[in-house]
Amino acid sequence: PVASNICFSLLRCVTGMLPTNWSGSLIVASLTGAFGSSFLYGYNLSVVNAPAAHIKKFYNETWERRYGFSVDESTLTLLWSVTVSIFAIGGLVGAIIVTPIVKFFGRKRTLLLNNLFAVTAALLMSLSLLAGSFEMLILGRIIMGVDAGISLSALPMYLSEISPKEIRGSLGQVTAIFICIGVFTGQVLGLPEIFGQEPRWPYLFGAIIVPSLIQVVILPFLPESPRYLLLEKHNTSKAEKAFQTFLGKDDVSHEVEEVLAESRVQRNTKLVSILQLLRTHAVRWQVITVVVTMGCYQLCGLNAIWYYTNNIFSEAGINHETIPYVTLSTGAVETVAAVFSGLVIERLGRRPLLIGGFGLMVVFFAVLTVSLTLQETVHWLPYLSIFCILAIIASFCIGPGGIPFVLTGEFFQQSQRPAAFMIAGTVNWLSNFAVGLLFPFIQAGLQTYCFLVFAAICLAGATYLFFVLPETKNKTFHEISQAFAKRNKVSLEMQEMNHYPGERKSSAEQESNFTSSVNNGETKKGIV
């Protein structure tokens, strides 16, 4: 109950909505869906941090028991890097397979079935020490990545389709906030007083089962997405009941008609493939901008801080016994900054928060490099290092932490978005993998200067966005396309013709296809 109250308070803070805008079913669905999905993604980002030394010791002991000699330092570093970064490869697999899964099983059932991956991964990782097999831990990490890749697509889709249109964008903040809560929870459970001691670290991974079981118990009693039921299953009666449950009212005829009318407009064109999107001149700079923002989102260095916070604090000169408690501040700062971003994004706009966030990260990365380099000469510099790390996290969360996903949805029309999100997801997870795998070697080679690499990436991203990115706040797709038209070297009329080359249907065919997809008597006269 306490956790639910805290989560609902965060929801209220982000959305600024009155209680009457939220039905009980909508609140339960959003909390349950996020707790078993995006929460686990955030949790698995930070959970490997606290027991890192114990896991490396387990790797070394297992290696010595098998081969009769200790593993060399470079091999141990490689094994640990693979353990951390293989999570992203699983995420890439999950992002690729989620589209056919949600189409066949539906949104809610996909979230439920996805728990099979989470439970399997939890069992493998928690039993790896008992079985004396570090391969089980690595395999569990990649399976957990598949779970994350699926949930980070299926959950936002489900939440956006069950919420009233007035709060659909705001409700999307639930996903980001629960990621932050998951990171913070992983840090708390990793404290020495809880599961941070050597014999208890497998329980950190076994705890993954709890959110999954809670979701499996509660979510089946909630309806499927009404839009999925109406548009893909053509089941009007179930869709109406789902709307009534989530909206908290009996008369939902307007919502049903609105979805059907929206569907009629979208049927004017077919879905665009990735190859077609890449070949479309009218959205060339939009695609480039998505690739740049998503690449900088992962390559800016924040994941390196999450994965290796303890090592960074140790390099900063922080006492070993104090590190787990200092680490808690990073999760708390991330959560507060995410809520703050949700409050101000519609007032300040995307462009200032995104460019300003990357710009501040450049400054604090530079100061962090100086403080780490000179920390042995001045006794108070380790505390400046801690401040810089917290400032980097806050700078990331107020802009770069969520806006790249927003821009991907705003740049493209409905038929282009699946391909655009596939491109964005591929860049996202591959960049995540690269950071997790390469950062230990970059840190070993450059030592205190390693963060200058991330500063350079942030500076390049901020510079690109300053010259290319238009403000998209309160703008329609037509207006955003017009802002990119000159850079794409096409007229706005040519843009509209090039969105779906060779795929436009005649009006008669559109009308025929639309009416044939809906059962007789279900299309209302109010649809225009």
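Owing to the predicted nature of the structure, the values given are computational and were not obtained by experimental measurement. (Residues numbered from 1 in each chain as written. Predicted model: local features only at pLDDT ≥ 70, side-chain atom pairs only at ≥ 80, totals over all residues. Heavy atoms only, no water.)

### Some details on the packing of helix H3 (residues 38–46) against helix H8 (residues 134–162)
Cut-off, in case you're wondering: The angle between two axes is taken between their N-to-C directions and runs from 0 to 180 degrees, where each axis is a line fitted to C-alpha atoms and a helix contributes only its stretch in contact. Only DSSP runs of H or I reaching four residues or more are called helices, and only runs of E reaching two or more are called strands; each is numbered from the N terminus. The scheme is simple: roughly parallel for angles under 35 degrees, roughly antiparallel for over 145, roughly perpendicular for 65 to 115, oblique for anything else. Here a crossing is taken to be left-handed if its near helix is turned anticlockwise relative to the far helix by less than a right angle, and right-handed if that turn runs clockwise. Whether two residues are in contact is decided by their heavy atoms, any of which lying within 4.5 Å being enough.
Packing of H3 against H8 brings their axes to within 8 Å, and their N-to-C directions diverge by 140 degrees. Relative to H8, H3 is oriented oblique. Read as a crossing pair, H3 and H8 show a hand that is left-handed. Contacts between H3 and H8 involve Ser38, Leu40, Tyr41 and Asn44 from the first element and Arg141, Met144, Asp147, Ala148, Leu152 and Leu155 from the second.

### Let's talk about the state of the cysteines
Here is the rule we go by: Any cysteine sulfur atom paired with another within 2.5 Å is treated as part of a disulfide. When a residue's accessible area, from a 1.4 Å probe over protein chains only, is under 20% of the maximum for its type it is buried; when over 50% it is exposed; and in between it is partly exposed.
Taken as a whole and assessed by the stated rule, the structure comprises zero disulfides. Distance from the sulfur of Cys296, which forms no disulfide, to the nearest cysteine sulfur (Cys458) is 7.0 Å. According to the relative accessible area criterion, Cys296 is buried, its value standing at 8%.

### Regarding the side chain of Thr330
The cut-off we apply is this: Pairs of N or O atoms within 3.5 Å make up the polar contacts considered here, provided that, within protein, one atom can donate a hydrogen while the other can accept it, and that residues adjacent in sequence are counted only when both atoms are side-chain atoms.
Structurally, Thr330 can be placed in helix H20 (residues 323–348). Polar side-chain contacts of Thr330 include one of 2.8 Å to the side chain of Gln187.

### Focus: the packing of aromatic side chains
The line we're drawing: Classification of ring pairs uses Phe, Tyr and Trp, with its six-membered ring standing for Trp, and accepts pairs whose centres are within 6.5 Å; under 30 degrees between planes counts as stacked, over 60 as edge-to-face, and the remaining range as tilted.
Scanning the entire structure with this criterion turns up 22 aromatic pairs. A ring pair is formed by Phe87 and Trp429, whose centres lie 6.1 Å apart and whose planes are at 70 degrees; its orientation type is edge-to-face. Taken together, the residues span a long stretch of sequence, with Phe87 in helix H5 (residues 73–105) and Trp429 in helix H24 (residues 417–446) at a distance of 342 residues. Trp429 shares its class with Phe87; the two are buried. Three or more aromatic residues link up through ring pairs in this structure, and these residues are Phe58, Tyr59, Phe134, Trp201 and Phe205.

### Quick notes on the side chain of Thr32
Here Thr32 shows up in helix H2 (residues 24–35). Excluding anything up to four places from it in sequence, Thr32 contacts Ile214, Gln215, Ile218 and Leu219.

### Quick look at the pattern of salt bridges
Should the charged atoms of two oppositely charged side chains come close, the side chains can pair. Here is the rule we go by: In the sections that follow, a salt bridge refers to a side-chain nitrogen of Lys or Arg positioned within 4 Å of a carboxyl oxygen of Asp or Glu.
Enumeration over the complete set of coordinates arrives at two salt bridges. Residue Glu198 pairs with Lys57 through a salt bridge whose shortest N-O separation is 3.3 Å. Taken together, the residues Glu198 in the loop between helix H10 (173–189) and helix H11 (202–206) and Lys57 in helix H4 (residues 52–67) connect sequence positions 141 residues apart. Looking at Glu198, the relative accessible area reads 30%, which means it is partly exposed. Residue Lys57 is classed as partly exposed on the basis of its relative accessible area of 40%. Residues Arg66 and Glu135 are paired through a salt bridge, measuring 2.6 Å at the closest nitrogen-oxygen approach. On the criterion of sequence distance, the pair formed by Arg66 in helix H4 and Glu135 in helix H8 is long-range, its members being 69 residues apart. Since its relative accessible area comes to 36%, Arg66 is described here as partly exposed. The partly exposed category is assigned to Glu135, whose relative accessible area is 34%.

### Remarks on the confidence of the model for the protein chain
Parts of the prediction with low pLDDT should not have their coordinates interpreted in detail. Operational definition: pLDDT is a per-residue confidence score from the predictor, ranging from 0 to 100.
Across the protein chain, the average pLDDT comes to 80, with 81% of residues at or above 70. By mean pLDDT, the top-scoring element of the protein chain is helix H12 (residues 209–218) (96), and the lowest-scoring one is helix H28 (residues 507–516) (42). When the criterion is pLDDT under 50, residues 13–20 qualifies, and its contacts beyond four places in sequence or with other chains add up to 14 contacts. pLDDT under 50 marks residues 499–528. Its contacts with residues more than four places away, or in other chains, come to 48 contacts.

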